[in-house]
Amino acid sequence: HLRIGLFGGGIVGGGVVDLINRFTQSGRFRDIGVSVEVVKICVRSLDKPRDFDPAKAILVTNYDDILGDSSINCIVELMGGVTSAKDVVFKAISAGKHVVT
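Rules behind the numbers
- Residues numbered from 1 in each chain as written.
- Predicted model: local features only at pLDDT ≥ 70, side-chain atom pairs only at ≥ 80, totals over all residues.
- Heavy atoms only, no water.
- Helix = DSSP H or I, 4+ residues; strand = E, 2+ residues; numbered from the N terminus.
- Expected span 1.5 Å × (residues − 1).
- Contact = heavy atoms within 4.5 Å.
- Core = buried A, V, L, I, M, F, W, Y, C linked by side-chain atoms within 4.5 Å.
- Buried < 20%, exposed > 50% of the residue type's maximum accessible area, 1.4 Å probe, protein only.
- Pairing = 2+ DSSP bridges.
- Axes fitted to C-alpha atoms, helices over the stretch in contact; angles between N-to-C directions.
- Phe/Tyr/Trp six-rings, centres within 6.5 Å; stacked < 30°, edge-to-face > 60°.
- Salt bridge = Lys/Arg side-chain N within 4 Å of Asp/Glu carboxyl O.

Colleague: Please give an account of helix α4 (residues 83-94) that cites residues and values.
Modeller: Here α4 contains 12 residues, and its C-alpha end-to-end distance of 17 Å stays within 8% of the 16 Å for a straight helix at 1.5 Å per residue. Turning to α4, the residues buried within the fold contact β1 (2-7), α3 (64-67), β4 (74-77) and β5 (98-100). Once α4 finishes, G96 follows within two positions and takes phi at roughly 80°, a positive value.

Colleague: Lay out the nonpolar core in plain terms, naming residues and giving numbers.
Modeller: I4, L6, V17, I20, V36, V38 and I41 are the most contacted members of the largest nonpolar core, which totals 13 residues. Mapped onto this core, the elements with two or more residues apiece are β1, α1 (11-26), β2 (36-42) and β4. The dominant element in this core, judged by the number of residues it contributes, is β2, at three residues. Look past the residues within four positions of I20 in its chain and what remains in contact with it is I4, F29, V36 and V38. Ranked by size, the runner-up nonpolar core spans 10 residues in total, among them F7, V60, I72 and A92.

Colleague: Can you lay out the sheet that holds β4 for me, pointing to particular residues and giving the numbers?
Modeller: Read across the sheet, five strands follow the order β3-β2-β1-β4-β5 without closing on themselves; strand pairing throughout is parallel. At either end of the open sheet lies a strand with only one pairing partner, and these are β3 (58-60) and β5. Shown here is a sheet whose adjacent strand axes are inclined to one another by a mean of 25°, direction ignored. Sheet topology places β1 next to β2; six bridges connect them, and they run parallel. Bridged to I4 within β2 is V38. The sheet contacts of α4 involve β1, β4 and β5, and relative to β4 the element is tilted by about 170°.

Colleague: Could you give me a rundown of the packing of aromatic side chains, with the residues and numbers involved?
Modeller: Across all of its chains, the model carries two aromatic pairs by this definition. Where F7 meets Y63, the ring centres are 5.8 Å apart and the plane angle is 70°; that geometry is what we call edge-to-face. Placement of the pair is F7 in strand β1 and Y63 in the loop between β3 and α3, with a sequence separation of 56 residues. With a relative accessible area of 31%, Y63 lands in the partly exposed category.

Colleague: Tell me about the pattern of salt bridges, and please be specific about residues and values.
Modeller: All chains considered together, the criterion is met by three salt bridges. R30 is paired through a salt bridge with D31; the nearest N and O atoms lie 3.8 Å apart. No difference in accessibility class separates R30 from D31, as the two residues are exposed.

Written as structure tokens, this is what we have:
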């Protein structure tokens, strides 16, 4: 079971969430024996309107809400920039999580 913590809720992050939701609803993941769930999405602002449906994912603003969550086994870094993204990736690797960036 892939439990994803996503960093970045902008255009690219929203597109990834939409694809995951679409593949989950259509049964594509099930057909290949994969269970995928976006558990939390780290965003800069909780008040900003989103162009995507986060489904059951919880929106957070603190990196550690994802990095410290032992139930999340994979992070997807789509936040842009260099410094914060690097820090998130290194902390995720140190925590034993899979990383996609």
